[in-house]
Amino acid sequence: MCGQKIPDSAPQPVQRPLLADLVTSGGQVFQLDGPVLIGRAPRAQPGEDAAILRVQSPHHDISRTHVRVAPHEWDIAVTDMNSTNGTIVFEVGNDPMRLGSGDTVFVGLGTVIDLGDGQQVSIEAPRG
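Residues numbered from 1 in each chain as written. Predicted model: local features only at pLDDT ≥ 70, side-chain atom pairs only at ≥ 80, totals over all residues. Heavy atoms only, no water.

1. Re the environment of S122
Mapping S122 onto the fold places it in strand β11 (residues 119-124). With sequence-adjacent residues up to four places away left out, S122 is seen in contact with D21, L22, V23, T111 and V112. (Helix = DSSP H or I, 4+ residues; strand = E, 2+ residues; numbered from the N terminus. Contact = heavy atoms within 4.5 Å.)

As structure tokens, then:
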């Protein structure tokens, strides 16, 4: 919710502000301003407009394209991209949730995505 007063005549849509930053356990910070594919060697499908975020996976436990994180209206969608070992989502105030192949969950700030192989991605408030 933006909190701005809507004019009585001719309201205009506004561009959605940056909802979050993605912060890897390795310290990378990535702005979530569109879909992001995360994995050890992620690759977008032909015609897919998504940014790429590579994470280390010394034991190859993380799939090449493991998870997709994307703004969806005013929420954040986390989708397991048919990863081999699944994805665990830790959302504030809820029990950990294991995503199966192709599962999507909508989350908020403070959520941690565990990719395996010691790698996690936190969804944090934008740093500016």
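2. A closer look at the pairing of strand β6 (residues 75-80)
In terms of burial, β6 is largely enclosed, as five of its six residues are buried. By the bridge criterion, six bridges tie strand β5 (residues 67-72) to β6 in an arrangement that is antiparallel. The partner of P71 across the bridge, within β6, is I76. Between the end of β5 and the start of β6, which pair antiparallel, lie two residues, with E73 showing a positive phi angle near 55 degrees. The pairing of β6 with strand β9 (residues 104-107) spans four bridges and is antiparallel. From the neighbouring strand, T79 faces β9, where its bridge partner is T104. (Buried < 20%, exposed > 50% of the residue type's maximum accessible area, 1.4 Å probe, protein only. Pairing = 2+ DSSP bridges.)

3. A few points about the sheet that holds strand β4 (residues 51-54)
Read from one edge to the other, the open sheet built from five strands follows the order β4-β3-β5-β6-β9, with strand pairing classed as mixed. Each edge of the open sheet is held by one strand with a lone partner, namely β4 and β9. When strand polarity is set aside, the average angle formed by the axes of neighbouring strands in this sheet is 25 degrees. Pairing between strand β3 (residues 36-39) and β5: three bridges, direction antiparallel. Bridged to V36 within β5 is V69. (Axes fitted to C-alpha atoms, helices over the stretch in contact; angles between N-to-C directions.)

4. Quick look at the pairing of strand β1 (residues 20-24)
Regular strands have side chains that alternate between both faces of the sheet. Here β1 lies mainly inside the structure; five of its five residues are buried. A two-sided burial pattern is seen for β1, the buried positions comprising A20, L22 and T24 on one face and D21 and V23 on the other. With four bridges joining them, β1 and strand β2 (residues 29-32) adopt antiparallel strand pairing. Bridge assignment links A20 to a residue of β2, and that residue is L32. Counting the residues that bridge the hairpin from β1 to β2 gives four residues, and of these G27 lies at a positive phi of roughly 95 degrees.

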